[in-house]
Amino acid sequence: MFPVSQLFNAGRIITFKCGKLTPSHLWWFCSFPCHSAAEVVRKGAAKKQVIKKHTKERTPCQQVLDVFDQQYSQDLGDLWASARSLLLDPRSWQYGVMLNRFTAGTDVRQILQSQGFSMFLPPTEVSTRLSDASEKQTGKDSLMSTRGISTCPPVDSHPQCDSTSHVLSQDLQSELFLTSPRPSLQCYIHPYPLRFPSQPHRPGQLKQYYLLNAASLLPVLALQVKDGEKVLDLCSAPGGKALAIMQCATPDLLCCNEPDPHRRNWLTKTLESFLPLSQHNKVIVSAQDGQCFGQSEAVTYDKVLVDAPCSNDRSWLYSSSSQQGEQRLKERAGLPTLQTRLLKSALSLVRPGGLVVYSTCTLSNSENYAVVETVLRDCPEAEPEDLWEEIAIPYSKHFAFGPPYPGHGQTSHHRLGILVVPQPGKTWGPMFLSRIRKRT
Ligand SMILES: C[S@@+](CC[C@H](N)C(=O)[O-])C[C@H]1O[C@@H](n2cnc3c(N)ncnc32)[C@H](O)[C@@H]1O
């Protein structure tokens with residue numbers, strides 16, 4: 001294991017090796033000379049038409065679709081037809097915008113609100129956060145002036161900056177947030193599939209927001225991380241949920257594990273882009289196989305997240321070739337075994353009384369409920385916790401949840417977990433989540 005801060009000394013320029021970035025994205029990112037949200041949005045709007053021309057229509061992989069049709073019509077019944085039509089229409093996909101609490105800019109919030117985005121989480125602490133932000137803004141300005149550092153001048157006198165946003169160096173951001181980084185997960189969503197532009201990587205500068213499927217936040221909320229806890233993110237790359245954990249609380253330790261070197265590199269870049277130096281001693285990156293993680297050390301964690309490798313329905317449907325689709329389908333049969341081992345490993349790593357959250361982004365019963373069922377059968381120390389009232393009911397305005405898992409009585413049908421199924425007007429997911437407490 002090695003601290004993130006050490007990794008960050010190496011190459012600070014993002015290399016764009018990740019599979020999801022196409023040449024048109026790269027062209028788009030490179031065309032933004034400024035990091036601020038306002039600038040990105042302004043340029044994004046101007047170039048929207050050009051991007052459309054550069055972006056190829058995606059075609060679904062028929063082999064994968066055939067298998068999904070067969071399996072999910074059984075697993076989901078009538079819900080599959082509407083989920084299917086959404087998954088086959090990428091233009092209908094929505095993206096949430098998770099704000100980074102370690103950047104002080106209020107400009108992103110203003111832009112989001114002016115474009116019709118609204119907060120989707122219960123507004124706990126938001127008013128405090130907003131007043132904190134303006135206090136910090138005042139404090140920041142005076143701190144800057146005492147240090148002889150100026151914020152960007154108005155746009156007409158400095159074309160690379162925007163008067164509404166201040167891009168801070170990491171050192172200064174760390175200093176500002178060292179004393180009171182009040183944790184609060186803030187995510188904005190839009191009623192329509194409006195895509196907010198990504199922010200480009202700028203060495204030494206923090207990004208103000210992260211785009212994600214809003215359903216990805218549910219496993220993090222279910223984990224209930226509190227300040228001072230030891231947390232393990234067993235399957236961490238590219239790091240979206242690790243960032244969300246750091247928005248919710250200030251853990252004593254967050255270990256982000258990722259065995260794949262290329263994805264680990266991506267994870268490290270994500271952490272570098274979002275966390276100030278003051279947080280680097282709390283976050284470590286490790287490279288172990290999660291199935292036998294920590295066999296050589298006696299670390300026990302308060303919370304473990306197992307966001308397992310899975311069929312990833314949205315991505316698999318758009319496999320780049322039929323060969324890739326077929327290869328993935330072959331590997332699919334082995335996923336429940338790997339997932340079961342990862343979940344058992346997580347249970348061995350959490351302290352008695354601690355929590356494990358298991359999640360996937362597939363609708364497959366055999367990778368979801370069946371995995372949890374096997375682990376509960378084999379591990380007497382594992383106690384499942386029903387998330388229906390805590391998560392499904394409060395968030396049902398935004399998310400559609402799947403039918404009860406067959407074979408369970410009315411009273412216990414959500415015991416094994418809950419499944420977010422994309423539906424018209426509620427396009428988030430797929431996302432399965434299950435919470436298990438280790439008995440004391
Ligand atoms: C669904 S992705 C995790 C996404 C991540 N949690 C996020 O929110 O950005 C699953 C990850 O598990 C990793 N993985 C695959 N096999 C693993 C193993 N044996 N142990 C730990 N991680 C593994 C994959 O490389 C992949 O990066």
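Predicted model only: the values in this text are computed from it and were never measured.

1. Examining the overall build of the protein chain
Part 1: Tallying secondary structure elements over the protein chain gives 17 helices and 13 strands in all.
Part 2: Counting every position in the protein chain, which comprises 440 residues, the buried fraction comes to 53%.
Part 3: Excluding contacts between residues fewer than 6 apart, the proportion of contacts in the protein chain whose partners are at least 24 apart in sequence is 80%.
Part 4: When the accessible area of the protein chain is evaluated, it comes to approximately 19000 Å², of which 54% is carbon and sulfur surface.

2. A word on the site of the ligand
Part 1: In the vicinity of the ligand lie 21 residues, with Glu258, Arg263, Asp289, Gly290 and Asp307 positioned nearest.
Part 2: Contact distances for the ligand include 3.3 Å between an oxygen atom and a backbone N or O atom of Pro238.
Part 3: The contact in question runs from a nitrogen atom of the ligand to an N or O atom on the side chain of Asp289, over 2.9 Å.
Part 4: Taken by itself the ligand offers 600 Å² of open surface, and the protein chains cover 85% of this.
Part 5: If you list the elements that add at least two residues to the shell around the ligand, you get α10 (240–248) and α15 (335–349).
Part 6: Among the residues forming the shell around the ligand, the class breakdown is nine nonpolar, six polar and six charged.

3. Observations concerning the packing of helix α4 (residues 62–76) against helix α14 (residues 322–332)
Part 1: Where α4 contacts α14, the two axes come as close as 8 Å, and the packing angle between them is 35 degrees. Contacts between α4 and α14 pair Gln63, Val64, Val67, Phe68, Gln71 and Tyr72 from the former with Ser322, Gly325, Glu326, Leu329 and Arg332 from the latter.
Part 2: For the contact of α4 with α14, a count of residues per class yields five nonpolar, four polar and two charged.

4. As for the UniProt feature "active site" (unreviewed entry) in the protein chain
Part 1: As annotated by UniProt and renumbered to match this structure, "active site" (unreviewed entry) occupies Cys361.
Part 2: Tracing the backbone shows Cys361 in the loop between β10 (350–360) and α16 (369–378).
Part 3: Other than its neighbours up to four places away in sequence, Cys361 contacts Cys310, Asn312, Asp313, Pro430 and Met431.

5. Quick notes on the nonpolar core
As a rule of thumb, soluble globular proteins bury nonpolar side chains together.
Part 1: Membership of the largest hydrophobic core comes to 48 residues, with the highest contact counts inside it found for Leu234, Val304, Val306 and Leu343.
Part 2: Among the elements that line this core, the one with the most residues is α15, at six residues.
Part 3: Leaving out residues up to four positions away in the same chain, Val304 has contacts with Leu223, Leu232, Leu234, Ala346, Leu349, Val350, Leu355, Val356 and Val357.
Part 4: In this structure, Phe120, Tyr210, Phe401 and Leu433 belong to the second largest nonpolar core, which totals 47 residues.

6. A short note on helix α5 (residues 79–87)
Residues spaced three or four apart along an α-helix face the same direction, because each turn holds 3.6 residues.
Part 1: Among all positions of α5, only Trp80, Ser82, Ala83, Leu86 and Leu87 are buried. Considered in projection along α5, the buried side chains sweep an arc of 165 degrees and stay on one side of the axis.
Part 2: For α5, the elements touching its buried residues are α4 and α13 (313–317).

7. Examining the sheet that holds strand β2 (residues 96–99)
Part 1: The strand order across the open sheet built from four strands is β3-β4-β2-β5, with neighbouring strands paired in antiparallel fashion. Each edge of the open sheet is held by one strand with a lone partner, namely β3 (118–119) and β5 (209–212).
Part 2: Taken together, the four bridges between β2 and β5 define a ladder with antiparallel strand orientation. What sits directly across from Gly96, in β5, is Leu212.
Part 3: Along the sheet face, α10 touches β2 and β5 and points at about 45 degrees away from the line of β2.

8. Considering the packing of α15 against α16
Part 1: Interhelical geometry of α15 versus α16 gives an angle of 45 degrees and a closest axis separation of 9 Å. In this view, α15 runs oblique relative to α16, as classed from their interaxial angle. Along this stretch, α15 crosses α16, giving a crossing that reads as right-handed. Mapping the contact onto sequence places Pro336, Gln339, Thr340, Leu343, Lys344 and Leu347 in α15 and Val371, Val372, Thr374, Val375 and Asp378 in α16.
Part 2: Residue composition of the contact of α15 with α16, grouped by class: six nonpolar, three polar and two charged.

Conventions we followed
- Residues numbered from 1 in each chain as written.
- Predicted model: local features only at pLDDT ≥ 70, side-chain atom pairs only at ≥ 80, totals over all residues.
- Heavy atoms only, no water.
- Helix = DSSP H or I, 4+ residues; strand = E, 2+ residues; numbered from the N terminus.
- Buried < 20%, exposed > 50% of the residue type's maximum accessible area, 1.4 Å probe, protein only.
- Contact = heavy atoms within 4.5 Å.
- Areas by Shrake-Rupley, 256 points an atom, 1.4 Å probe, with all protein chains shown as cover.
- Near = heavy atom within 4 Å.
- Polar contact = N/O pair within 3.5 Å; in protein donor to acceptor, adjacent residues only side chain to side chain.
- Nonpolar A, V, L, I, M, F, W, Y, C, P; charged D, E, K, R; others polar.
- Axes fitted to C-alpha atoms, helices over the stretch in contact; angles between N-to-C directions.
- UniProt positions renumbered as here; feature names shortened; annotations may be inferred.
- Core = buried A, V, L, I, M, F, W, Y, C linked by side-chain atoms within 4.5 Å.
- Arc of directions from axis to C-beta.
- Pairing = 2+ DSSP bridges.
- Parallel < 35°, antiparallel > 145°, perpendicular 65-115°, else oblique.
- Left-handed = near helix turned anticlockwise from the far one by under 90°.

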